[in-house]
There are 2 protein chains.
Amino acid sequence: MTQKPRIISVQTVARTRLFHIEAVVLEFSNGTVVSYERLSASPQGAVLVVPMLDEDTVLLIREYAAGVHRYELALPKGLIEPQEGVLEAANRELMEEVGYAARRLRQVTSFTLAPGYFGHVTHVVCAQDLYPQRRPGDEPEEIEVVPWRLSELKKLLLQDDCTEARSIAALFMVRDMLREEDAGNA
Amino acid sequence: MTQKPRIISVQTVARTRLFHIEAVVLEFSNGTVVSYERLSASPQGAVLVVPMLDEDTVLLIREYAAGVHRYELALPKGLIEPQEGVLEAANRELMEEVGYAARRLRQVTSFTLAPGYFGHVTHVVCAQDLYPQRRPGDEPEEIEVVPWRLSELKKLLLQDDCTEARSIAALFMVRDMLREEDAGNA
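Please read all numbers here as calculations on a predicted model, not as lab measurements. (Residues numbered from 1 in each chain as written. Chains lettered and ligands numbered in written order. Predicted model: local features only at pLDDT ≥ 70, side-chain atom pairs only at ≥ 80, totals over all residues.)

1. Regarding the overall build of chain A
Part 1 of the reasoning: Helix and strand counts for chain A stand at 3 helices and 10 strands.
Part 2 of the reasoning: Mapped from its N terminus to its C terminus, chain A presents α and β elements in the order β-β-β-β-β-β-β-α-β-β-β-α-α.
Part 3 of the reasoning: In terms of its C-alpha atoms, chain A occupies a principal-axis envelope of roughly 55 × 40 × 35 Å.
Part 4 of the reasoning: With 186 residues in all, chain A has 38% of them scored as buried.
Part 5 of the reasoning: Pairs at least 24 residues apart make up 61% of the contacts formed inside chain A by residues separated by at least 6 positions. (Helix = DSSP H or I, 4+ residues; strand = E, 2+ residues; numbered from the N terminus. Buried ≥ 20, exposed ≤ 12 C-beta atoms within 10 Å, placed from the backbone. Contact = placed C-beta atoms within 7 Å.)

Right, dumping it as structure tokens:
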């Protein structure tokens, strides 16, 4: 494995309400010195929930996405709060955005978004044994909940408003995981 | 379909060498007024290439990722240059980062990263019929090329350094697409 570059300096170049941008000067093991910019991320990271209403039905949400100025169909997600665990945050987001809580929660994996310039980490949690339970969130309008069959994932990917890479990767992983578990139980 | 929020104002709050952050004030159709911050993206977007060396072997790269300060195993990618087409950019990145060019290139889908606050779009291109062809890129050190079998995708996802959601989503989509094509030809 190549030796990691040595960090020569890290400097904040901009800080806004939500974002923190740093300039990093690095020396690679071959002597090359490079200056990069990177976005710092929330130290707790985020959760992305895959809520399974039954063996095949996942609950998606359709929500306004300000970055692209349109409604997007994706899995519920949100930042983990300080002192909150990953599974606890997943259950909270599920109650706030979907109106369900889960008796069974397990972490499947963790994703990065754009590791070249963004430190953000998203933990993926599969939620099962759901029951209706709503908790008020900070959403500006009611969120539409859209049940979808994992066995019809291909059809979902043809929808114009389902584009988020994290949700798509998580749906494939959980679909394959549940299929394998099902085959193991058969 | 819910009516899109009305944009009341857009204001630049920070601009650095790489990033452009805007504050957006919106009025939702129910009258709620909200202020968001969002990252603007390159107008051309980015490409992510799935280079297939043969029917089952994809070529990954292991490269330093400044956002998370470690080496990451992922698909080759990069920003599209002004006046460059999606497939042209994919072939250029392939030559620069992997040392191959492709006789067959086709766009599979387009991903967003974090549509809630980031306008970035990544176009996914499947590259086939490869031949050795190197073009000098702007990488600070030699990139390690790692062949991996799509039939062993599950094993890849267990690697600590393979975390990027776009690459994972693209690998699943291309794996399923090629399997279906293969079944159709059988």
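And the narrative resumes.
2. What about helix α1 (residues 86–97) of chain A?
All names here are of chain A.
Part 1 of the reasoning: Taking 1.5 Å per residue as the helical rise, α1 with its 12 residues ought to reach 16 Å, and the 16 Å between its terminal C-alpha atoms agrees with that figure.
Part 2 of the reasoning: Turning to α1, its buried residues number three or more, namely A89, A90, N91, E93, L94 and E97.
Part 3 of the reasoning: In this structure, the buried residues of α1 make contact with β4 (46–51), β5 (57–65), β7 (77–79), β8 (100–112) and β9 (121–132).
Part 4 of the reasoning: Two residues or fewer past α1, G99 is found with a positive phi of approximately 85 degrees. (Expected span 1.5 Å × (residues − 1).)

3. Here's the deal with the domain arrangement of chain A
Part 1 of the reasoning: Segmentation of chain A into domains returns domain 1 (6–39) and domain 2 (46–185).
Part 2 of the reasoning: For domain 1 of chain A versus domain 2 of chain A, the separation of C-alpha centres amounts to 32 Å. (Domains from an automatic or database assignment.)

4. Quick look at the confidence of the model for chain A
Part 1 of the reasoning: Within chain A, residue pLDDT values average 96, and 99% of them lie at 70 or more.
Part 2 of the reasoning: Here the predicted complex scores 0.97 on pTM and 0.97 on ipTM. (pLDDT = per-residue confidence, 0-100.)

5. With respect to the relation of the copies chain A and chain B
The relation between the two chain copies is a rotation about an axis coupled with a shift along that axis.
Part 1 of the reasoning: In screw terms, the move from chain A to chain B is a rotation of 180 degrees and a rise of 0.0 Å along the axis, fitting with an RMSD of 0.0 Å. Such a turn and shift between the copies fits a two-fold axis. Ranked by how close their C-alpha atoms come to the rotation axis, the residues of chain A are headed by A:A169, at 2.1 Å.
Part 2 of the reasoning: Interface overlap between copies is the fraction of interface residues in one copy that are interface residues in the other; for chain A against chain B it reaches 100%, indicating a shared surface. (Least-squares fit on C-alpha atoms with pLDDT ≥ 70 in both.)

6. Remarks on the sheet that holds strand β1 (residues 6–15) of chain B
Residue and element names in this part refer to chain B.
Part 1 of the reasoning: Strand order in the open sheet made by the 3 strands is β1-β2-β3, with antiparallel pairing throughout. Of all the strands in the sheet, just β1 and β3 (33–39) have a single pairing partner and so form its edges. Mean inter-strand twist for the sheet, computed between neighbouring axes without regard to direction, equals 20 degrees.
Part 2 of the reasoning: Relative to strand β2 (residues 20–27), β1 runs antiparallel, the two sharing 8 bridges. (Pairing = 2+ DSSP bridges. Axes fitted to C-alpha atoms, helices over the stretch in contact; angles between N-to-C directions.)

7. A closer look at the interface of chain A and chain B
Part 1 of the reasoning: With 52 residues of chain A at the interface, the matching set in chain B holds 52 residues.
Part 2 of the reasoning: Going through the elements one at a time, β1 (6–15), β2 (20–27), β3 (33–39), β5, β6 (70–74), β8 and α3 (165–185) of chain A are the ones with two or more residues in the side of chain A that touches chain B.
Part 3 of the reasoning: The greatest single-element share of the side of chain A that touches chain B, amounting to 6 residues, is contributed by α3(A).
Part 4 of the reasoning: Grouping the constituent residues of the side of chain A that touches chain B by class yields 31 nonpolar, 12 polar and 9 charged. (Nonpolar A, V, L, I, M, F, W, Y, C, P; charged D, E, K, R; others polar.)

8. A short note on the nonpolar core
It is characteristic of soluble globular proteins that their nonpolar side chains tend to be buried jointly.
Part 1 of the reasoning: Among the nonpolar cores identified, the biggest contains 85 residues, and A:V50, A:A127, A:A169, B:V50, B:A127 and B:A169 are the most heavily contacted of them.
Part 2 of the reasoning: Once residues lying within four places of it in the same chain are set aside, the contact partners of B:A127 are B:V49, B:V50, B:P51, B:M52, B:A90, B:L94, B:A102 and B:L105. (Core = buried A, V, L, I, M, F, W, Y, C linked by C-beta atoms within 7 Å.)

9. Remarks on the environment of A:E27
Residues and elements named next belong to chain A.
Part 1 of the reasoning: Checked against the element boundaries, E27 lands in strand β2.
Part 2 of the reasoning: What makes E27 partly exposed here is the crowd of 14 C-beta atoms within 10 Å.
Part 3 of the reasoning: A sequence separation of 23 residues divides E27 from K4, and the C-alpha atoms of the two residues are 9.0 Å apart.
Part 4 of the reasoning: Those residues in contact with E27 that sit more than four places away from it in its chain are P5, R6, I8 and V33.

10. A word on the pairing of β6(A)
Residues and elements named next belong to chain A.
Part 1 of the reasoning: One ladder, built from 5 bridges, connects β5 with β6; its direction is antiparallel. Its bridge partner lying in β6, R62 is registered against L73.
Part 2 of the reasoning: Adjacent in sequence and paired antiparallel, β5 and β6 are bridged by 4 residues, among which H69 carries a positive phi angle near 50 degrees.

11. Quick notes on the sheet that holds strand β5 (residues 57–65) of chain B
All names here are of chain B.
Part 1 of the reasoning: Pairing within the open sheet is antiparallel, and its 3 strands lie in the order β6-β5-β10. Edge positions in the open sheet fall to β6 (70–74) and β10 (144–149), since each of these has one partner strand only. Between one strand axis and the next, the sheet turns by 30 degrees as a mean value, whatever way the strands run.

12. Remarks on the environment of A:M177
Residues and elements named next belong to chain A.
Part 1 of the reasoning: As for its position among the elements, M177 is in helix α3.
Part 2 of the reasoning: Its 16 C-beta neighbours within 10 Å are what place M177 among the partly exposed residues.
Part 3 of the reasoning: C-alpha of M177 to C-alpha of V108: the two residues are 69 residues apart in sequence and 9.0 Å apart in space.

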